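Structural characterization, general
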Amino acid sequence: MSPRLLTVPEPYLELDDATLASRIRAAKARLGQSLVVLGHHYQRDDVIEHADITGDSYKLARLGAERTDARWIVFCGVHFMAESADILRQPHQSVVLPDMNAGCSMADMAPTDDVIEAGAALERLGLTSIMPVTYMNSTAEIKAYCGERGGAVCTSSNCRAIFEWAFAQRDQVFFFPDEHLGRNTAIAMGIPPERIVVWDPKRPLGGSTEEELRAARVIVWKGCCSVHTKFHLHHVLDRRAEDPEMRILVHPEVPHEVVAVADAVGSTETIIRTLREAPSGSHWAVGTEYHLVQRLARAMPDKKIVILSKEFCLCATMYRISPQNLLWALDSIVDGHPVNVIRVPEETKRWAHVALDRMLQVH
Ligand code: 13P
Ligand code: SF4
């Protein structure tokens, strides 16, 4: 049974919302316990309603790996998340991503060859006590690169714990691919900003001097999230000027100028918990993806919850997962001809698994 990589067939595009929802429910009922549908918090409402487990990247990786009874893992999220589920799955399981074009622009900013070349350049300088750490939002090849060199994966909810684990073993951390999560974590740990150096793969020695690299505690790859870098300091100032009671809650992928003045910072799961635990009547401007903020605002009408920026901060690749391609994926499993099955090559999987296991052990 070989996987087919197709775009959603025409007839699915003609179904109305109610038909799509009822057919998804019927396909799920038919597959029963052999299926688990995982949904990241940035998924749209008409998809997340069908998820058996919702969560941030860490929670989905951990709980997805625990559902060993499910033959099929349908991942409503982006490609790197489905790859991680494929790396952690049991041999009898398969992972399906309803749209193979649901990628991540941040993960694409760290191509394997560039990372290998950067690591080799640092080694040529004699900097050998470096721990490579990659954000979950990276390709399986970058996870394997870290695993093979003693390093680990982290998510936005455990980045600091992984940095501490890394510093217990080596002098420096080389972090991919999110400059902002790397810097925010290092500053929260008390590392002075001048000892956090950005590696720009387009420039010789990443754009830094040999001395700067030698003195660095953390070297952060020049990558970013196209959604979270839309939040700026002036949004915080505007929101507070409009409403002095407004509290600012942001994801750690936002630039440090915003994190530095925010009232709270955390992963999507932490954002949800913080708002649920907040007193009734409190006011919040939230710096993260549009769908999650809108859903939280609707779920907690006793609190004022708005998105920090007034721009449309939507993750276009998360949005690619639609009820149409979710239904198509489920139907294809029911029919015995599954589409969009994720298969990380075995050699990559071996070392990426090591890096993911290190993360799961440290957290
Ligand atoms: P978390 O859900 O782990 O906070 O990650 C956010 C994100 O950008 C996922 O792509
Ligand atoms: Fe990638 Fe940002 Fe979208 Fe997350 S929100 S999947 S980091 S582009």
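The rules behind each value
Residues numbered from 1 in each chain as written. Chains lettered and ligands numbered in written order. Predicted model: local features only at pLDDT ≥ 70, side-chain atom pairs only at ≥ 80, totals over all residues. Heavy atoms only, no water. Helix = DSSP H or I, 4+ residues; strand = E, 2+ residues; numbered from the N terminus. Rg over C-alpha atoms; globule rule 2.2 N^0.38 Å. Buried < 20%, exposed > 50% of the residue type's maximum accessible area, 1.4 Å probe, protein only. Contact = heavy atoms within 4.5 Å. Pairing = 2+ DSSP bridges. Axes fitted to C-alpha atoms, helices over the stretch in contact; angles between N-to-C directions. Core = buried A, V, L, I, M, F, W, Y, C linked by side-chain atoms within 4.5 Å. Near = heavy atom within 4 Å. Polar contact = N/O pair within 3.5 Å; in protein donor to acceptor, adjacent residues only side chain to side chain. Areas by Shrake-Rupley, 256 points an atom, 1.4 Å probe, with all protein chains shown as cover. 1 Å grid on protein atoms, 1.4 Å probe; cavity = no way out; pocket = protein on both sides within 12 Å on 5 of 7 lines; lining within 4 Å. Sits in = over half its atoms within 2 Å of the grid points. Nonpolar A, V, L, I, M, F, W, Y, C, P; charged D, E, K, R; others polar. Salt bridge = Lys/Arg side-chain N within 4 Å of Asp/Glu carboxyl O. Phe/Tyr/Trp six-rings, centres within 6.5 Å; stacked < 30°, edge-to-face > 60°. Lys NZ or Arg CZ within 6 Å of the ring centre and 35° of its normal.

Once that is clear, we can look at the overall build of the chain. Check the secondary structure of the chain and you find 17 helices and 14 strands. For 363 residues, the compact-globule estimate of 2.2 N^0.38 gives 21 Å, and the chain sits close to it at 21 Å. In terms of overall dimensions, the chain has a C-alpha envelope of 60 × 55 × 35 Å along the principal axes. A burial count over the chain gives 56% of its 363 residues as buried. Sequence-distant contacts in the chain: of pairs separated by 6 or more residues, those separated by 24 or more amount to 68%.

Our next topic: the sheet that holds strand E8 (residues 196-199). Within the open sheet, the five strands sit side by side as E6-E5-E7-E9-E8. Their pairing is parallel. Pairing within the sheet leaves two strands with one partner each, and these edge strands are strand E6 (152-154) and E8. Strand-to-strand twist of the sheet, defined as the mean angle between neighbouring strand axes without regard to direction, takes the value 25°. Where strand E5 (residues 130-135) and E6 come together, three bridges link them in parallel fashion.

Quick look at the nonpolar core now. Within the largest apolar cluster, 102 residues are counted, with the highest numbers of intra-cluster contacts made by Val 133, Phe 175 and Leu 275. Contact partners of Phe 175, with chain neighbours within four places excluded, come to Val 133, Thr 134, Tyr 135, Cys 154, Cys 159, Phe 163, Leu 181, Gly 182, Ile 219, Val 220 and Trp 221. Among the nonpolar cores identified, the runner-up in size contains 19 residues, and Tyr 145, Phe 176, Ala 216 and Ile 219 belong to it.

Attention now moves to the site of ligand 1. As a matter of local geometry, ligand 1 sits amid 14 residues, with His 40, Ser 156, His 251, Glu 253 and Thr 268 nearest to it. Ser 156 is positioned with one of its side-chain polar atoms (N or O) 2.8 Å from an oxygen atom of ligand 1. Between an oxygen atom of ligand 1 and a side-chain N or O atom of Glu 253, the distance comes to 2.9 Å. About the coverage of ligand 1: the protein hides 96% of its 300 Å² of free accessible area. According to the grid-proximity analysis, the pocket containing ligand 1 is the largest pocket. Grouping the constituent residues of the shell around ligand 1 by class yields five nonpolar, seven polar and two charged.

Around ligand 2 sit Tyr 42, Val 78, Cys 104, Ser 105, Met 106, Asn 137, Cys 225, Ser 226, Glu 253 and Cys 315, and that is every residue in its neighbourhood. Here ligand 2 is seated within the largest pocket. In the shell around ligand 2, the residues fall into six nonpolar, three polar and one charged.

With that settled, consider the sheet that holds strand E10 (residues 246-250). Ordered by their spatial adjacency, four strands build an open sheet running E11-E10-E12-E13, and the pairing between neighbours is parallel. Looking along the sheet, the strands with just one partner apiece sit at the ends: strand E11 (264-265) and strand E13 (304-307). Bridge count for E10 against strand E12 (residues 283-287) is five bridges, and the pairing is parallel. Its bridge partner lying in E12, Met 246 is registered against His 283. Most of the contacts of helix H15 (residues 290-299) go to E13, to which it runs at about 165°, and overall it touches E12 and E13.

Time to look at the pattern of salt bridges. A pair can form between side chains of opposite charge whenever their charged atoms are brought close. One pass over the structure, following the stated rule, counts 21 salt bridges. For Lys 349, the salt bridge goes to Asp 86, with nearest N and O atoms at 3.4 Å. Highlighted residues: Lys 349 in helix H17 (residues 346-362) and Asp 86 in helix H5 (residues 79-88), separated in sequence by 263 residues. Like Lys 349, the residue Asp 86 is buried in the burial classification. Salt bridges sharing common partners tie together Asp 45, Arg 295 and Arg 298.

For the rest of this paragraph, the subject is the packing of aromatic side chains. The full count for this structure, using the stated rule, is eight aromatic pairs. Note on Phe 174 and Trp 221: the rings are 6.1 Å apart at their centroids and 45° apart in plane angle, and the pair reads as tilted. Of this pair, Phe 174 sits in strand E7 (residues 172-176) while Trp 221 sits in strand E9 (residues 218-221), placing them 47 residues apart in sequence. Each member of the aromatic cluster is reached from another via a ring pair, and the members are Tyr 145, Phe 174, Phe 176, Trp 199 and Trp 221. Of note, Arg 44 hangs over the ring of Tyr 319, and the distance from its end group to the ring centre comes to 4.4 Å. Sitting above the plane of the Phe 167 ring, Arg 217 keeps its charged end 4.2 Å from the centroid.

Our next topic: the environment of Gly 151. Note on placement: Gly 151 falls in the loop between helix H8 (140-148) and E6. Setting aside residues no more than four positions away along its own chain, Gly 151 makes contact with Met 131, Pro 132, Cys 146, Trp 165, Ala 355 and Arg 358.

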